[in-house]
Amino acid sequence: MPIPNFQTMLLPFLVFAGDKQEHSFRECLEYLSNYFNLTEDERKELLPSGKQTIFANRVGWSRTYLKKAGLLQYCRRGFFRITNRGLDLLKTNPDKITTSLLKQYPEYLDFVGITNNSSQQTDNTKDVTTDNEQTPEETLEYSYQEIRNNLADEILDKVKSCSPNFFEKLVVELLVKMGYGGSMKEAGRAIGKTGDEGIDGIIKEDRLGLDAIYIQAKRWDNVVGRPELQKFVGALAGQGAKKGIFITTSRFSEQAKSYSPKNDIKLVLIDGQELAEYIIEFDLGVSTISEYKIKKIDFDYFESD
């Protein structure tokens, strides 16, 4: 089954704690993963940042909301137990627990920034989870990913419309930002000057020039097939080169992506989407308009005595 949203987890989470014993977060993860019959892949599925699993994030926020509503309490580091309020709620045999139900508790209203008197949201905080199946972190991460994907599309459209000379300059600047080519002056002399059998340029692998990387950069709309790669590899072999990068603003066919040279040549493919992602990652032609830091408590600091 799909990974349940965090609100779906609230009731089974509280039922798990209903034995009045202390439990660890790890125990709860195991219980809920079995309760929802999650596969190993579902348990390991990551958020877009790749730093946390979706399942653990949702279970963690379920614990947070139950705690903020006074249904759970933290008894020692990493452990929790149900409260009398939580037991009272279970006695009512609810069909489910949602954030709307949690609004009956003043502590929860304070947590989400809703005033007790009018149940209106404060000016600078709003309850983003009332009708949302995602946790706050999921909402932030997926929104960030959507903005980034849109930016990548804009960048790629712009690159495709630029002149060939500007495209060569962009490739040079990007590779230098990635740590190749030495200085811009040295890299600029290397790109776009060979014209040898499909090789558009040669760039240093590092500042010392211990090895060279041969480049083909194509501002194309059509799909790059295997024959284009074979021609490039042939050119590399003719130069005695061992390393090549094929960059395109379009994409590679499946046959091209599965192509592996039979000699010792190492071939790296960068399609349009990857090119745009690298441009964003290395801050080339983009500017930062906002930054948000997500922080968490350092329990070791508070237990240092």
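Predicted, not measured: the structure shown is a model, and the values here were computed from it. Every residue gets a number counted from 1 within its own chain, in the order that chain's sequence is written. Totals for whole chains, interfaces and linings use every residue, but because this is a predicted model, local features are given only for residues with pLDDT of at least 70 and side-chain atom pairs only at 80 or more, for both listing and counting. Processing note: side-chain calculations cover all non-hydrogen atoms of the structure and skip hydrogens and water entirely.

**Quick look at the overall build of the protein chain**
Helix and strand content of the protein chain: 14 helices and eight strands. Within the protein chain, the proportion of its 305 residues that are buried is 39%. Per element, the accessible surface of the protein chain, about 18,200 Å² overall, is 48% carbon and sulfur. The secondary structure listing takes helices from DSSP runs of H or I that are at least 4 residues long and strands from runs of E that are at least 2 residues long, numbered from the N terminus. For every residue, the accessible area (1.4 Å probe, protein chains only) is compared with the maximum for its type, and the residue is labelled buried under 20%, exposed over 50%, or partly exposed between those bounds. For accessible areas, the Shrake-Rupley method is used with a probe of radius 1.4 Å. Any residue's cover is judged against the shown protein chains and nothing else.

**Here's the deal with unusual backbone geometry**
Even without being glycine, N93 reaches a positive phi, approximately 50 degrees. Here N93 lies in the loop between α5 (84-91) and α6 (99-102). Not every positive phi belongs to a glycine, and D283 is a case in point at roughly 55 degrees. Within the secondary structure, D283 sits in the loop between α13 (272-281) and α14 (299-302). Judged by its relative accessible area of 47%, D283 falls in the partly exposed class.

**Description of the pairing of strand β7 (residues 243-248)**
The side chains of a regular strand alternate between both faces of the sheet. Across the six residues of β7, five count as buried, placing the element largely inside the fold. Strands were regarded as paired on the criterion that DSSP finds at least two bridges between them. By the bridge criterion, five bridges tie strand β6 (residues 212-218) to β7 in an arrangement that is parallel. Its bridge partner being in β7, Y214 is matched across the sheet by G244. One crossover worth recording links β6 to the parallel β7 by way of helix α11 (residues 226-238), and it is right-handed. Both β7 and strand β8 (residues 266-270) contribute to a ladder of five bridges, which runs parallel. In the strand pairing of β8, I245 is matched with V268. With the strands aimed away from the viewer, a crossover counts as right-handed if its path from the first strand over the helix to the second runs clockwise.

**Quick word on the confidence of the model for the protein chain**
Each residue carries a pLDDT value, the predictor's own confidence for that position, ranging from 0 to 100. Chain-level pLDDT for the protein chain is 85 on average; 86% of the residues reach the 70-or-more range. Across the protein chain, α5 holds the top mean pLDDT of 97, while strand β4 (residues 191-196) sits lowest at 53. The contact definition used throughout considers only heavy atoms, calling two residues in contact when any of these lie within 4.5 Å. The low-confidence segment residues 116-130, where pLDDT is below 50, has 32 contacts with residues more than four positions distant or belonging to other chains.

**Concerning the layout of surface pockets**
Considering only enclosed or pocket space, the second largest pocket measures out at about 240 Å³ in volume. As for the second largest pocket, its lining consists of 13 residues, of which I155, L170, I279, L284 and G285 are closest to the centre. Counting only elements with at least two residues in the lining of the second largest pocket, the list comes to α8 (136-161) and α9 (164-177). Examining the composition of the lining of the second largest pocket, we find that five residues originate from one element, α8, more than from any other. We call Asp, Glu, Lys and Arg charged. Ala, Val, Leu, Ile, Met, Phe, Trp, Tyr, Cys and Pro are nonpolar, and the rest, Gly among them, are polar. Grouping the amino acids of the lining of the second largest pocket by side-chain chemistry returns eight nonpolar, one polar and four charged. In this analysis the probe radius is 1.4 Å and the grid spacing 1 Å, with only protein atoms considered; a cavity is a set of points the probe fits into but cannot get out of, a pocket is an open set with protein on both sides within 12 Å along at least five of seven lines, and lining residues have an atom within 4 Å of a point. Grid points are joined across faces, edges and corners, and a volume is the space filled by probe spheres set on the points.

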